[in-house]
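# An overview of the molecular structure
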Amino acid sequence: MDRPAVILDNDATVYDFYLQHQQNRQVARLAYATLARKFKPRVSYPDGAREELRRLVYDDTRLILAVNHLTETDPYTVAAAAWASPLRPVIGRTRVLAKDELFQEPKQRRRIDMMGGIPVFRGKNHGMRAVSAAGNRMMDVSAERMRRGDDLAVFPEGTLNLEDPTQVQHVGSGIGHIAARVRKLGVEPVLVCIGLSYGPGSEKLKSASVYIDMPITELPQKPIEIARTVATGMQNALDGAVAAY
């Protein structure tokens, strides 16, 4: 299937494509290894978290990775950290939610597709009413990809944090709805919160502090309660990243 234009008026075709799209895992692994050499993130964990994450990956548990968002290069920092962590085996089968603007320029789109991107049409850009149907399709595709064996990486704040890089911004209910839809498909996802810090002023993009918190294996039932759990977990992870910088 040819890559469709990622525009809101074409959202049904767009999500049909990303329901099936699979990047080349070997190319993805090579790219992630290259990013690890370039960005050199320093990855840390609380006691037992690294071992628990390794166990979950080994057991082929479906993971939802929730990361705070500070810069446009955060996806590359997270990719580099994945290569340097127990997440390395899931490279090439992790979907990454990304704003639709990033899919417009052909070269950048190829890069995002290689990393497993799924476009998100945001209400702040198109209007909440206009993106309602597309948002539901995006969540259905994300849940179905997880049912098929993929993991999911999300920046739940939905936009860059330009105010206070030590405080997580508002987390909407979208990530909770995705987790709830995954459950309806018979899969129990595990939440992994990841904190990013680039130090004072968030200006040093290399050698970022990346803190992978203890996986949360028991999530609430309601989407809004899941979102609250995500927000709390992300703040804990961000505090860990700041402390470890």
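Let me begin by describing the structure that accompanies this report. Given the structure is predicted, the values throughout are model-derived calculations rather than measurements. (Residues numbered from 1 in each chain as written. Predicted model: local features only at pLDDT ≥ 70, side-chain atom pairs only at ≥ 80, totals over all residues. Heavy atoms only, no water.)

## Some details on the pairing of strand 2 (residues 63-67)
The buried fraction of strand 2 is high, at five of five residues. Both faces of strand 2 are covered, namely the face carrying Leu63, Leu65 and Val67 and the face carrying Ile64 and Ala66. Relative to strand 6 (residues 190-197), strand 2 runs parallel, the two being bridged by five bridges. In the sheet register, Ile64 faces strand 6, and the bridge partner there is Leu191. When strand 2 meets strand 5 (residues 151-154), the two strands line up parallel, connected through three bridges. Paired with Ala66 across the bridge in strand 5 is Val154. (Buried < 20%, exposed > 50% of the residue type's maximum accessible area, 1.4 Å probe, protein only. Helix = DSSP H or I, 4+ residues; strand = E, 2+ residues; numbered from the N terminus. Pairing = 2+ DSSP bridges.)

## Considering the packing of aromatic side chains
Centre-to-centre distance and the angle between the planes together describe a pair of aromatic rings. Evaluation of the coordinates by the stated rule reveals four aromatic pairs. A ring pair is formed by Phe17 and Tyr18, whose centres lie 4.8 Å apart and whose planes are at 90 degrees; its orientation type is edge-to-face. Of the two residues, Phe17 and Tyr18, both sit in the buried class. One aromatic cluster in this structure is built from Phe17, Tyr18 and Phe103. (Phe/Tyr/Trp six-rings, centres within 6.5 Å; stacked < 30°, edge-to-face > 60°.)

## Describing helix 2 (residues 25-39)
Look at helix 2: 21 Å from first C-alpha to last across 15 residues, which is about the 21 Å you get at 1.5 Å a residue. Summarising the contacts, the buried residues of helix 2 are in contact with helix 4 (74-83) and helix 5 (106-114). N-cap assignment for helix 2: the residue whose side-chain oxygen lies 2.9 Å from the backbone N of Gln26 is Asn24. (Expected span 1.5 Å × (residues − 1). Contact = heavy atoms within 4.5 Å. Polar contact = N/O pair within 3.5 Å; in protein donor to acceptor, adjacent residues only side chain to side chain.)

## Remarks on the pattern of salt bridges
Close approach of charged atoms allows side chains with opposite charge to pair. Inspection of the entire model under this criterion finds 17 salt bridges. With a closest N to O distance of 3.0 Å, Asp59 and Arg55 form a salt bridge. By relative accessible area, which is 41% here, Asp59 ends up partly exposed. A relative accessible area of 38% means that Arg55 is categorised as partly exposed. Note that Arg148 and Glu144 form a salt bridge whose closest N and O atoms lie 2.9 Å from each other. Overlapping salt bridges, with partners in common, bring together Asp60, Arg62, Arg93 and Asp151 in one network. (Salt bridge = Lys/Arg side-chain N within 4 Å of Asp/Glu carboxyl O.)

Function-wise, these values are silent; they only describe arrangement.
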